[in-house]
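So you can see what is in the structure, the chains are spelled out below.
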Amino acid sequence: MSNENFRRELNRAFDGMAGQPSPTLSGRIRSAIARPTAARSYYWIAAAAACVIAALIVGVLFVANPLHRPTSNVGVPLPSPSASPSASPSPSPSPSPSPSPSASPTPSTAAFQCATTYGPVTQSGPVTAYVSNVATGAHAGYDRITITFGNGAPTSVEVQTQNNATFTKDPSGQSVTLAGDHGLLVTIRGADAHTTYSGSTDFKTGYTKLLEAQQVQDYEGVVQWGIGLSGSTCYRVYLLKGPDRVVIDAQTGT
Amino acid sequence: MSAAVMEQPAQTLARAAQGDQDSFSELIEPLLDPAYRLAAVMLADRGAAEDAVQEASVKAWRKLRQLRGDATSLRPWFLSIVANECRMARRTRWWSVIKVADVDAQDRAQPESYSDLHRALLRLSPDDRLPLVLHFYLDLPLDEVARALRVSPSAAKSRIYRSAKRLRADLTMDEVF
């Protein structure tokens, strides 16, 4: 078979396989070419929407932090007006032991609040909850004081901020100025700190924010602790179980 | 031929590369018929061939900036995209199964209308049909066949001859080229 014969026969076979393209093919291709531009814009919108949704989900998870949420936290920030401590003369410094280790593991992810008062938050408990331990600790982002009770929770907890570190001791009426220039007054009702607690009542910590914590009242079922701070700060309060304890974190870096 | 006429495809190509759809259509439309014939022979299915050409056209439009060379490179470049699209279409399992069945059914349905050469052609793999289509059916010069196959001209020549020999064992090189 010659080259021409082979080519002719081959092309006839190819023609039989291929036939003619549809007359609409050109139009189909024109529309297909025009389509991707519009489609791509939808992809961008969809991608942007997906990014926003993903960011929202991440944000919600970050704020809610469900894997680390404290399950025993019975307290919530409930700012309420209450009397502020008054300053009075005659300071009464007291010896202070070295800071004790930080409190037992507790959640540390609740938002800090900057309100002037916390509580009073009430809870059920014995007639008098006995303070069994007080401890301070420095942590990343906050300094902490933990007051632990041995026989149940106190009936109410209240925290007040103040623009100085001077507190009034009760029932003596003497004022005491702690280290720092701002303070938190922690008032715990339905508690006493002398039945079972024999530890320090004055912690000079040397931390960056919580400089000093001193018990300023232990009288008629009311225990107060003054906390000297370096500068104003935001704080958070946990009322935790197992054991019952009040945890106060002063935010650092503010 | 004047320089102005010679420059026209290059300018059209430049406009198309900048996103002008009309310029791209102007360039691609003369290539649709050979592209369709290539796809139809490779896939042995006319509807699928049109789909492959359409998909290849969209890909060519998206990747036009990747085209190397002048406007004369467009045809082998586009045909190589079409061939690749046909390979991808055949790689899909369900598609391949249907295609084999279709070819067999066609072969059985019209045995008298098919020449021995036609039957032999159907028995070739699509990749073996490709150099024959480019060289004999589309009548491309050897260098364009090579660019469409993305091989050297000597390798393209070898592939054409090898495929042709599978159709007719007694073919000589002179009868093929």
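Small disclaimer: the values here were computed from a predicted structure and weren't measured.

Student: Explain the overall build of chain A here, please?
Tutor: A count of helical and extended segments in chain A gives 2 helices and 13 strands. A total of 254 residues make up chain A; the buried ones form 35% of that total. Partitioning the contacts of chain A with sequence separation of at least 6, the portion at a separation of at least 24 is 77%.

Student: How should I be thinking about the overall build of chain B in this particular structure?
Tutor: Scanning chain B from terminus to terminus reveals 10 helices and 0 strands. Each helix and strand of chain B, ordered N terminal to C terminal, gives the series α-α-α-α-α-α-α-α-α-α. The buried share of chain B, taken over its 177 residues, is 39%. Taking as baseline every contact in chain B between residues at least 6 positions apart, the subset at least 24 positions apart corresponds to 59%.

Student: Is there a simple way to explain the packing of helix H3 (residues 46-62) of chain B against helix H4 (residues 74-91) of chain B in this structure?
Tutor: The geometry of a pair of packed helices is captured by two quantities: the angle between their axes and the separation between those axes. All names here are of chain B. One can describe the packing of H3 onto H4 by two numbers: an axis separation of 9 Å at closest approach and a directional angle of 125°. The angle between the axes of H3 and H4 places the two elements in the oblique class. Our pair here, H3 against H4, has a crossing hand that is right-handed. Between H3, through Ala 48, Ala 52, Val 53, Glu 55, Ala 56, Lys 59 and Ala 60, and H4, the contact on the second element is made entirely by Phe 78, Ile 81, Val 82, Glu 85, Cys 86 and Ala 89. Here the residues of the contact of H3 with H4 sort into 10 nonpolar, no polar and 3 charged.

Student: Please explain the confidence of the model for chain A as it appears in this structure.
Tutor: The predicted structure's coordinates, where accompanied by low pLDDT, should not be read in detail. When the pLDDT values of chain A are averaged, the result is 78; 78% of them are 70 or greater. Per-residue pLDDT, averaged within each element of chain A, yields its smallest value for strand S1 (residues 117-122) of chain A (79) and its largest for strand S11 (residues 222-229) of chain A (93).

Student: Even after reading the chapter, I still don't get the sheet that holds strand S8 (residues 191-192) of chain A, so can you show me in this structure?
Tutor: Residue and element names in this part refer to chain A. If you walk across this open sheet you meet the 5 strands as S8-S2-S3-S13-S12, and the pairing is mixed. Both edges of this open sheet fall to S8 and strand S12 (235-240), since each of them pairs with a single strand only. Sheet topology note: the strand S2 (residues 129-139)/S8 ladder contains 2 bridges and is parallel. By the bridge assignment for S8, Ala 129 is matched with Ala 191.

Student: Looking at this structure, I do not really get the sheet that holds S11 of chain A. What am I missing?
Tutor: Adjacent strands of a sheet pair through backbone hydrogen bonds, lying either parallel or antiparallel. Residues and elements named next belong to chain A. Within the open sheet, the 6 strands sit side by side as S1-S4-S7-S11-S10-S9. Their pairing is antiparallel. Since the sheet does not close on itself, it has two edges, and those belong to S1 and strand S9 (202-204), each with one partner. Neighbour-to-neighbour, the strand axes of the sheet open up by a mean angle of 10°, direction not taken into account.

Student: Explain unusual backbone geometry to me, please; I cannot follow it from the model alone.
Tutor: With the exception of glycine, the majority of residues adopt a negative phi angle, and the majority of peptide bonds are in the trans configuration. A cis amide bond links Gly 242 of chain A with the next residue in sequence, Pro 243 of chain A, at an omega value of -5°. In this fold, Pro 243 of chain A is placed in the loop between S12 and strand S13 (245-251). Phi at Glu 220 of chain A takes a positive value of approximately 50°, unusual for a residue other than glycine. Notably, Ala 44 of chain B is not glycine yet its phi reads approximately 55°, a positive angle.

Student: Would you mind going over the pairing of S13 of chain A with me for this structure?
Tutor: Where a strand is regular, its side chains alternate between the two sheet faces. Residue and element names in this part refer to chain A. Taking burial as the measure, the 7 residues of S13 include 6 buried ones, the bulk of the element. As judged from the 7 bridges shared by strand S3 (residues 142-149) and S13, these two strands associate in the antiparallel manner. Its bridge partner lying in S13, Asp 143 is registered against Ala 250. Judged from the 6 bridges that link them, S12 and S13 form a sheet pairing that is antiparallel. What sits directly across from Leu 240, in S13, is Arg 245. Linking two consecutive strands that pair antiparallel, namely S12 and S13, is a turn of 4 residues; a positive phi of about 70° is found at Gly 242 within it.

Student: Help me understand the confidence of the model for chain B in this model?
Tutor: Residues and elements named next belong to chain B. Looking at chain B, the pLDDT average stands at 82 and 83% of residues meet or exceed 70. Counting interchain partners and residues more than four positions distant, the pLDDT-below-50 stretch residues 1-6 has 1 contact. For this predicted complex, the interface confidence reaches an ipTM of 0.77, while the overall pTM sits at 0.47.

Student: Would you mind showing me how to read the environment of Glu 144 of chain B here?
Tutor: All names here are of chain B. With respect to the helices and strands, the residue Glu 144 is situated in helix H8 (residues 142-149). Sequence separation between Glu 144 and Leu 74 is 70 residues; the distance between their C-alpha atoms is 10.0 Å. Excluding anything up to four places from it in sequence, Glu 144 contacts Arg 75 and Pro 76.

Student: I keep staring at the interface of chain A and chain B and nothing clicks. Help me out?
Tutor: Buried accessible area, meaning the area lost when the parts come together, often serves as the stated size of an interface. Contact residues are listed per partner, giving 25 residues for chain A and 31 residues for chain B. Broken down by secondary-structure element, the contributors of at least two residues to the side of chain A that touches chain B are helix H1 (3-18) and helix H2 (25-64) of chain A. For the side of chain A that touches chain B, the class distribution of residues is 14 nonpolar, 7 polar and 4 charged.

Student: What should I look at first to understand the pairing of S3 of chain A in this one?
Tutor: Residue and element names in this part refer to chain A. With 8 of 8 residues buried, S3 lies mostly within the body of the structure. Summarising the sheet, S2 and S3 pair through 8 bridges and their orientation is antiparallel. Paired with Ala 138 across the strands is Asp 143, a residue of S3. In this antiparallel pair of consecutive strands, S2 and S3, the connection spans 2 residues, and Gly 141 shows a positive phi of 95°.

Calculation criteria
- Residues numbered from 1 in each chain as written.
- Chains lettered and ligands numbered in written order.
- Predicted model: local features only at pLDDT ≥ 70, side-chain atom pairs only at ≥ 80, totals over all residues.
- Helix = DSSP H or I, 4+ residues; strand = E, 2+ residues; numbered from the N terminus.
- Buried ≥ 20, exposed ≤ 12 C-beta atoms within 10 Å, placed from the backbone.
- Contact = placed C-beta atoms within 7 Å.
- Axes fitted to C-alpha atoms, helices over the stretch in contact; angles between N-to-C directions.
- Parallel < 35°, antiparallel > 145°, perpendicular 65-115°, else oblique.
- Left-handed = near helix turned anticlockwise from the far one by under 90°.
- Nonpolar A, V, L, I, M, F, W, Y, C, P; charged D, E, K, R; others polar.
- pLDDT = per-residue confidence, 0-100.
- Pairing = 2+ DSSP bridges.

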